[in-house]
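# Architecture and fold: a report
The residues making up each chain are set out below.
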Amino acid sequence: MTGSSGKAALSVSDIAIPVTVQNLTLTGGYNFSGAGLNVGRSAWVYLDTVTVTENETNAAGDTTARNGGGILNEGTLTLEDCQITKNTSSNYGGGVFNQGNLFIYGSTVIGGENNGNTAEKSGGGIDNDTSGCLYIGYNVPSEGNDPLSNPTAFTGSISYNTATSTAGGGIYNQGIMRMASGSVNNNNAPEGAGLYNTVGDNAHGDCIITGGAISNNEATNGNGGGIWNNGTLSVSGTFDGNTASGSGGAVYSASSVTIDSATFTSNTATGGSGGAIYCAGAVTVSGESTISNNEALNAGGGVYIGGTDSTLTSSTITGNSAKSGGGVYIASGAIVTATSTTIGKSGGANTAVTGGGVYNYGGNFNMSNGLIDANRADMEGSGVYQPSDNRSVF
């Protein structure tokens, strides 16, 4: 099905009757919003093995409405085994702009190598607006049930998408986002290349990731190669090979963040601090999380901690490197409690010029039932380095 200038390839208006679209290609749409598919507020649409490709929002008319190069959803939309590729938005949401309920599962790919979607501002793959609810790895639940009651494997990816001038190459979230499976990889943006999670007009920016992978994303002009956050963020899963030109190779958080049963490997902050994690607020790391072989130019090869009430519990931090605090950097005023946590030892030494394992710069560091061992520093503090006015208790 081919669109034309000033029209979406397919529009489903505000009707409450469920609509199923199967084995169809939507292409050539050129519209002010939702160029490939436009789903109205009351509509329920299920796409099965549908390709939405090479659609584009134009710059004419209302400049606030040029969203959703591939899809604009204001209703309830389900994507199963779909391909959302090569769409372009001159504003937000290159692949999808979501203001309703969006469920993604199966082998759906939003982007893909040589097939990425592009947004001029934010949300190269998906822009989830303040009113939007994005469920990745979930199917629509039975009527009246919780949206999270029907987890369904997402084996596809949100990948190779680009946000040109702002943030969120893969996903830009101001609404509510839940991710249980799948991959967000190889996306590109100035900041928050994989995911940019931020508080919107209704104070959402609420993201919980319980599984899946965030990998090989690149923030080209700022922080958060994998994720940039100033909202509510809780993550599990795998973070591998993400890069930020500033701080937070995998995760950059201006607010608190909770990390449970996660693995961070080979992430890099090439121009700043926090090779794996940079958190200006309180960070909680637990559940046998592993932070290994990450690198920062400045401080905190593994973790940079800036907030009070931070905890490291039953986790392993090994093989990371930075100038200061190869494993962990504790900023001035931060309060960190480590319990049953290993910094260094068998997984490989953390290395730094100063403070191979831990650099405590004006914070409070309390550790019990843990181990700091076999780390290296070129100058001082192979295990722990701290100026004389700081406090560490073991």
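A few points on the structure. It should be emphasised that the depicted structure is a prediction, and the values quoted were computed from it without experimental measurement. (Residues numbered from 1 in each chain as written. Predicted model: local features only at pLDDT ≥ 70, side-chain atom pairs only at ≥ 80, totals over all residues. Heavy atoms only, no water.)

### Section: the pairing of strand E33 (residues 257–265)
Here 7 bridges tie strand E30 (residues 232–240) to E33, and the two strands are oriented parallel to one another. Within the sheet, the bridge partner assigned to Phe 239 lies in E33 and is Phe 264. Two strands pair when backbone bridges link them, and E33 and strand E36 (residues 283–286) are joined in this way by 4 bridges, in the parallel orientation. Across the sheet, the residue bridging to Asp 260 is Ser 286, located in E36. Here 3 bridges tie E33 to strand E37 (residues 290–292), and the two strands are oriented parallel to one another. If you follow Thr 263 over to E37, its bridge partner there is Thr 290. (Pairing = 2+ DSSP bridges. Helix = DSSP H or I, 4+ residues; strand = E, 2+ residues; numbered from the N terminus.)

### With respect to the layout of surface pockets
Counted as a void, the largest pocket has a volume near 180 Å³. Taken together, Trp 44, Thr 76, Asn 101, Phe 103, Tyr 135, Val 140, Pro 141, Ser 142, Glu 143, Gly 144, Asn 145 and Pro 147 form the lining of the largest pocket. Grouping the amino acids of the lining of the largest pocket by side-chain chemistry returns 6 nonpolar, 5 polar and 1 charged. (1 Å grid on protein atoms, 1.4 Å probe; cavity = no way out; pocket = protein on both sides within 12 Å on 5 of 7 lines; lining within 4 Å. Points joined across faces, edges and corners; volume = space filled by probe spheres on them. Nonpolar A, V, L, I, M, F, W, Y, C, P; charged D, E, K, R; others polar.)

### Considering the pairing of strand E22 (residues 176–179)
Pairing between strand E18 (residues 133–136) and E22: 4 bridges, direction parallel. Looking at E22, one finds that Leu 134 is bridged to Met 177.

### Describing the nonpolar core
Ranked by internal contacts, the top residues of the largest apolar core, which has 63 residues, are Leu 47, Leu 79 and Phe 264. When residues of this core are assigned to their parent elements, the largest contribution, 4 residues, is made by E33. Not counting chain neighbours up to four residues away, the residues in contact with Leu 79 comprise Leu 47, Ile 71, Ile 84, Leu 102, Phe 103, Ile 104, Tyr 105, Thr 108 and Ile 110. Among the nonpolar cores identified, the runner-up in size contains 12 residues, and Tyr 278, Tyr 329, Ala 331 and Tyr 359 belong to it. (Core = buried A, V, L, I, M, F, W, Y, C linked by side-chain atoms within 4.5 Å. Buried < 20%, exposed > 50% of the residue type's maximum accessible area, 1.4 Å probe, protein only. Contact = heavy atoms within 4.5 Å.)

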